[in-house]
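Close look at the chain arrangement
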Amino acid sequence: MSAIHLLRKLSRNPPSRLLHRNLFPSTFSLDLPPDLARTTLIRPFSNHPTIFNNTHTLIPFWVSEKTKSLSVSLREFSTSVVETNTSDKTFERVVGLNPNPLVIERIHRDEETIGESVSRGGENEVEKKSDESVVREESEAEKEAWRILEEAVVRYCGSPVGTVAANDPGDKLPLNYDQVFIRDFVPSALAFLLKGQGEIVRNFLLHTLQLQSWEKTVDCYSPGQGLMPASFKVRTVALDENTTEEVLDPDFGESAIGRVAPVDSGLWWIILLRAYGKLTGDFSLQERIDVQTGIKLIMNLCLADGFDMFPTLLVTDGSCMIDRRMGIHGHPLEIQSLFYSALRCSREMLSVNDSSNNLVRAINNRLSALSFHIREYYWVDIKKINEIYRYKTEEYSTDATNKFNIYPEQIPPWLMDWIPEQGGYLLGNLQPAHMDFRFFTLGNFWSVVSSLSTPKQNEAILNLIEAKWDDIIGHMPLKICYPALEYDDWRIITGSDPKNTPWSYHNSGSWPTLLWQFTLACMKMGRPELAEKALALAEKRLMADRWPEYYDTRSGKFIGKQSRLYQTWTVAGFLTSKLLLANPEMASKLFWEEDYELLDICVCGLSKSGRKKCSRVAAKTQILVR
């Protein structure tokens, strides 16, 4: 049983007598170092004043520094450690008890003893088990993948700072594939972290943070503070005739196709920062003042007031992984799922003080509104489609059923027979009078990982993948979206883009890098066999095909017509999937459980006005409590 479930159980039921004895012994448990167990006594919280230490956990002032250091491992169990009100007892809120439980040895459930000893030294035990599970025979594909990944490493002033997008020795015109992209580096970073190599990830996080403050200008206009670059390149410049210097040259979108700012870069940076702390145990990085400032700048940029009526982020086409015109402008699911994840990460990592109180409050409010909006309005299954099919239009009322004035004729013919009875998914986009019914893989997978969708919806998403395996997986996992835009739709929506022809590239091409996100989603939902099946399918071809960027055709049979070979995030996605399956304990640190507190937060004020009841009450009944 996971620690989250243990803590949740404690918060629901009063402790048994045996639990009380275990939580409040006269001396520390034998799990602690002998010298600490002999010399330190446990006293209740209520008898002593307390202070905040640097891990945001309440610790009595009289506890030694050595004891305080043991509390760091507790942070990996929390999915929501930051409270708006700093006077609240944060640790008591998480555990559900007033005294300070330094050691949890055993709990009773239905008169049966379950669980094992969970102590502040448990982190080392988990890492030890993970190291043991990694010791296995690597396949030839894995060995070659590691060689390619290590050769792709970029160094700046002698230190590793990232990996190039592709490292094809036969490519004479690399364009920008010789740069380090933030989104592309994430699977590489996770592969290095899961193998115990954290230096390159730490360097990457800090150097990209320095680039955040650079001046960005396109035609005399500068975007807001907090924007992260899409990529950077290490260049050597001459200072004089005999001296050169290495510099980082960032691209904030001023050189990109379409000159679009990378909205997802800052979101991925925050997600990776949390992953670094979770997988290495080094939380000092996220507690640095410059890193805290970087998080605040990104959040302030995302939470800035505007004209929009919805809690979702409004973006242009090409602002994420799909970086060309594909009709995703508006409120695409991929951005919303990453935004939700970044909000939850920020709430975990931000230090609570006078300067951050307002921001933390804004984060909590947006999390609540965003989760409700996505779950309620983006979700489609056969029941919802039938409801849309019978929609009345032009409703002018606060009680309207068809809130976005969606015309039933928008339901595409292919969808009626395609969606399975037991499956469902989140829409690709939602705007007034517009629903994008395409299935976008990354957004749905990341909604599962981050718990943006409900547990019941998560199950339905994986049910749909299993039922439509040939369409979404085919000969090579995984389709970036389904189905492809064809004929007039392709001409009008993409502008007749020759790279995004039907069933190619972003227009429903197959991208092996999506394997690691699929694997993480499957492991969270207890269905790793689906990921293993997809991974085995990819392993048969990737090495022989020289690790392509993407595959073409409806079933993913052929290497993409413009696909780069030895694509780094194809290699890294494969390796990360392998390592996640081999290390379920480490994988569990990368996803989020349902945050039940969000269901009780509502800032709409409808319940107070008496004019109309808040629709959250009805939506909460859809949550499947596990």
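Look up: the structure comes first, before these words.
Our subject in this report is the structure included herewith.

What counts, and where the lines are drawn
Residues numbered from 1 in each chain as written. Predicted model: local features only at pLDDT ≥ 70, side-chain atom pairs only at ≥ 80, totals over all residues. Heavy atoms only, no water. Core = buried A, V, L, I, M, F, W, Y, C linked by side-chain atoms within 4.5 Å. Buried < 20%, exposed > 50% of the residue type's maximum accessible area, 1.4 Å probe, protein only. Helix = DSSP H or I, 4+ residues; strand = E, 2+ residues; numbered from the N terminus. Contact = heavy atoms within 4.5 Å.

**Observations concerning the nonpolar core**
Generally speaking, nonpolar side chains in soluble globular proteins are found buried as a group. Counting residues in hydrophobic clusters, the biggest one holds 152 residues, and the most contacted among them are Trp269, Met299 and Phe518. At 10 residues, helix H10 (residues 263–280) tops the list of elements feeding residues into this core. When near neighbours in sequence (up to four residues on either side) are disregarded, Phe518 contacts Phe445, Leu462, Ile465, Trp469, Leu478, Leu530, Ala531 and Ala534.

**Things to note about the environment of Tyr378**
In this structure, Tyr378 sits in helix H14 (residues 357–378). Along the chain, Tyr378 and Tyr425 lie 47 residues apart, while their C-alpha atoms are 8.2 Å from each other. Other than its neighbours up to four places away in sequence, Tyr378 contacts Thr312, His331, Leu333, Gln336, His373, Tyr425, Leu426, Leu427, Asn429 and Leu430.

**Remarks on unusual backbone geometry**
In this chain, Pro477 is followed by Leu478 through a cis amide linkage whose omega measures -5°. Within the secondary structure, Leu478 is located in the loop between helix H19 (469–472) and strand E15 (481–482). Cis geometry is found at the peptide bond from Tyr482 to Pro483, where omega equals -5°. Note that Pro483 resides in the loop between E15 and helix H20 (487–494). With phi around 55°, Glu394 is a residue other than glycine that occupies positive phi space. Tracing the backbone shows Glu394 in the loop between helix H15 (382–389) and helix H16 (413–418). The phi dihedral of Thr553 is positive, around 80°, even though this residue is not glycine. Among the secondary structure elements, Thr553 is positioned in the loop between strand E16 (551–552) and strand E17 (558–559). Take Thr553: its relative accessible area is 25%, and that puts it in the partly exposed class.

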